[in-house]
Amino acid sequence: DRDADGWGFAHCDVARYGAEGLDEGPGPRGAGLFDVHRRLRAAAAAAAVDDGLPGVLELRLPGSATVAFLRRLSAGGGGCLSVDWTPPEDEMRVQVDRVFDAADGSVASLEITDVLASTADQYRGVHNSDI
């Protein structure tokens, strides 16, 4: 995405290429997170002030999946890894946030949110979806 100061990273669409060319894989790419975790929002805001680079990276994967994570971890700092996914032929869209207080493998919390896939996009922004 382009902002007033130039180009900025918004997300990365991941695709596979095979012998036949582009292989979209198992369904469309992810559409972004439904409900951005507060730790991801805080990292995005802090990075914008610190160095102008994105604080959160988002991968939109085939199979209606999105993965979002912090660009970097500070010593002793915590973070969050979020996965948003709509299983094929399913009515529900699921998001899992793995929250940690230190980069040592421990888990502070595991938060699971689900919503009807057909209505999830109408709530974008209500749950601070933009990172």
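These numbers were taken from a predicted model, which means no experiment stands behind them.

Conventions we followed
Residues numbered from 1 in each chain as written. Predicted model: local features only at pLDDT ≥ 70, side-chain atom pairs only at ≥ 80, totals over all residues. Heavy atoms only, no water. Helix = DSSP H or I, 4+ residues; strand = E, 2+ residues; numbered from the N terminus. Buried < 20%, exposed > 50% of the residue type's maximum accessible area, 1.4 Å probe, protein only. Contact = heavy atoms within 4.5 Å. Polar contact = N/O pair within 3.5 Å; in protein donor to acceptor, adjacent residues only side chain to side chain. Salt bridge = Lys/Arg side-chain N within 4 Å of Asp/Glu carboxyl O. pLDDT = per-residue confidence, 0-100. Core = buried A, V, L, I, M, F, W, Y, C linked by side-chain atoms within 4.5 Å. Pairing = 2+ DSSP bridges.

J.: What is the right way to read the overall build of the protein chain from this model?
T.: Across its full length, the protein chain carries two helices and 10 strands. When its helices and strands are written in sequence order, the protein chain yields β-β-β-β-β-α-β-β-β-β-β-α. Within the span of the protein chain, comprising 131 residues, buried residues form 27% of the whole. In the protein chain, 47% of the contacts between residues at least 6 apart in sequence involve partners at least 24 apart.

J.: Is there a simple way to think about the side chain of glutamate 58 in this case?
T.: Its place among the elements puts glutamate 58 in strand S6 (residues 56–61). A relative accessible area of 5% means that glutamate 58 is categorised as buried. Within the local environment of glutamate 58, its side chain forms a polar contact with the side chain of arginine 60, the two groups lying 2.7 Å apart.

J.: Looking at this structure, how should I read the pattern of salt bridges?
T.: When charged atoms on two side chains of opposite charge get close, those side chains can pair. Inspection of the entire model under this criterion finds three salt bridges. A salt bridge links aspartate 101 to arginine 39; its shortest N-O distance comes to 2.7 Å. Placement of aspartate 101 in the loop between strand S9 (92–100) and strand S10 (109–116) and of arginine 39 in helix H1 (residues 38–50) is noted, with a sequence separation of 62 residues between them. Across the pair arginine 60 and glutamate 58 runs a salt bridge, and its minimum N-O distance is 2.7 Å. Across the pair, exposure class does not vary: arginine 60 and glutamate 58 are buried alike.

J.: What exactly am I supposed to notice about the confidence of the model for the protein chain here?
T.: Of the residues in the protein chain, 69% reach a pLDDT of 70 or more, and the chain-wide mean stands at 76. Scored below 50 in pLDDT, residues 1–9 shows eight contacts in the model against residues more than four places distant or in partner chains.

J.: Help me understand the nonpolar core, please; the structure alone is not making it clear to me.
T.: Here is a general trend for soluble globular proteins: nonpolar side chains tend to be buried in one another's company. Within the largest apolar cluster, nine residues are counted, these being Leu33, Val36, Leu40, Ala44, Val56, Ala68, Leu70, Cys80 and Val99. Within the residue set of this core, elements represented by two or more residues are H1 and strand S7 (65–70).

J.: Is there a simple way to explain the pairing of S6 in this structure?
T.: If a strand is regular, its side chains alternate between the two faces of the sheet. Of the two faces of S6, the one holding Val56, Glu58 and Arg60 is buried and the one holding Leu57, Leu59 and Leu61 is not buried anywhere. Pairing between S6 and S7: six bridges, direction antiparallel. Paired with arginine 60 across the strands is threonine 66, a residue of S7.

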